[in-house]
Amino acid sequence: MTVNNPKTGVPSSKPGVYVDANIHGNEIQGGEVCLYLLNELLTRYGDNERIRKIVDRNVFYVVPTVNVDGRYHYMKDANTPDSNRSVRVPRDDDRDGLFDEDRPTIWMATAASP
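Reading the values: the criteria
Residues numbered from 1 in each chain as written. Predicted model: local features only at pLDDT ≥ 70, side-chain atom pairs only at ≥ 80, totals over all residues. Heavy atoms only, no water. Helix = DSSP H or I, 4+ residues; strand = E, 2+ residues; numbered from the N terminus. Buried < 20%, exposed > 50% of the residue type's maximum accessible area, 1.4 Å probe, protein only. Polar contact = N/O pair within 3.5 Å; in protein donor to acceptor, adjacent residues only side chain to side chain. Contact = heavy atoms within 4.5 Å. Salt bridge = Lys/Arg side-chain N within 4 Å of Asp/Glu carboxyl O. Axes fitted to C-alpha atoms, helices over the stretch in contact; angles between N-to-C directions. Left-handed = near helix turned anticlockwise from the far one by under 90°. Nonpolar A, V, L, I, M, F, W, Y, C, P; charged D, E, K, R; others polar. Pairing = 2+ DSSP bridges. pLDDT = per-residue confidence, 0-100.

Q: Just checking my understanding: could you explain the side chain of Asn58 for this structure?
A: By secondary structure assignment, the location of Asn58 is in the loop between α2 (49-57) and β3 (59-63). By relative accessible area, Asn58 is classed as buried at 10%. Here the side chain of Asn58 touches Ile54 through a polar contact of 2.9 Å, landing on its backbone oxygen. The contact partners of Asn58, leaving out residues within four places of it in the chain, are Val3, Asn4, Lys14, Pro15 and Val17.

As structure tokens, this is what we get:
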């Protein structure tokens, strides 16, 4: 989201403030902080002189969730200390032509079997 007061200049003429969060799927607090910042800038602009000045002087670029897929999986999937934080690639763990329907430990147990 871009927050700018066009009456005080176009975004390209102002210092930019870039804020992003939730780079890793399980770092959800930063996304909430971004939403809080946006709420403060947008709802308090008219009655808080300090906020009005920083919005008039700057342009804010706020990305609350960089890793949308990671956040989705963090919220949807079971999470343990061993949960994967890297790229999620579908796997056919037991080589039956179906992907991600088995737990990874099943493949380890059957991998040595003929």
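Alright, that's what it looks like, and here's the rest.
Q: Looking at this model, I keep getting lost on unusual backbone geometry. Mind explaining?
A: Phi angles above zero are rare outside glycine, and Asn22 is one such case at about 60°. With respect to the helices and strands, Asn22 occurs in the loop between β2 (16-20) and α1 (28-43). Here Asn22 falls in the buried class, since its relative accessible area comes to 2%.

Q: Explanation requested: the pattern of salt bridges in the structure shown.
A: Opposite charge on two side chains permits them to pair, given that their charged atoms come into close proximity. All told, the structure shown has three salt bridges when counted by the stated rule. In this structure, the salt-bridge partner of Glu32 is Arg71, at a minimum N-O distance of 2.8 Å. Highlighted residues: Glu32 in helix α1 and Arg71 in helix α3 (residues 68-76), separated in sequence by 39 residues. We classify Glu32 as partly exposed; its relative accessible area is 42%.

Q: What is the right way to read the packing of α1 against α3 from this model?
A: In a pair of packed helices, the angle between the axes and the distance between the axes together describe the arrangement. Relative orientation of the contacting elements α1 and α3 amounts to 115°, with a least axis distance of 11 Å. Between α1 and α3 lies a crossing of left-handed hand. Side by side, α1 and α3 meet where Ile28, Gly31 and Glu32 of the first sit next to Arg71, Tyr74 and Met75 of the second. Here the contact of α1 with α3 is built from residues that sort into three nonpolar, one polar and two charged.

Q: How do you make sense of the sheet that holds strand β1 (residues 2-3) when you look at a structure like this?
A: Strand-to-strand pairing in sheets goes through backbone hydrogen bonds, with the strands running parallel or antiparallel. Taking strand neighbours across the sheet as the criterion, the three strands line up as β1-β3-β2 in an open arrangement whose pairing is mixed. The open sheet has two free edges, formed respectively by β1 and β2, since each of these has just one partner strand. Along the sheet face, α1 touches β1, β2 and β3 and points at about 150° away from the line of β3.

Q: Explanation requested: the confidence of the model for the protein in the structure shown.
A: As a general rule, the predicted coordinates of low-pLDDT regions are not to be interpreted in detail. Of all residues in the protein, 81% have pLDDT values of 70 or greater, and the mean over the chain is 84. Scored below 50 in pLDDT, residues 106-110 shows three contacts in the model against residues more than four places distant or in partner chains.

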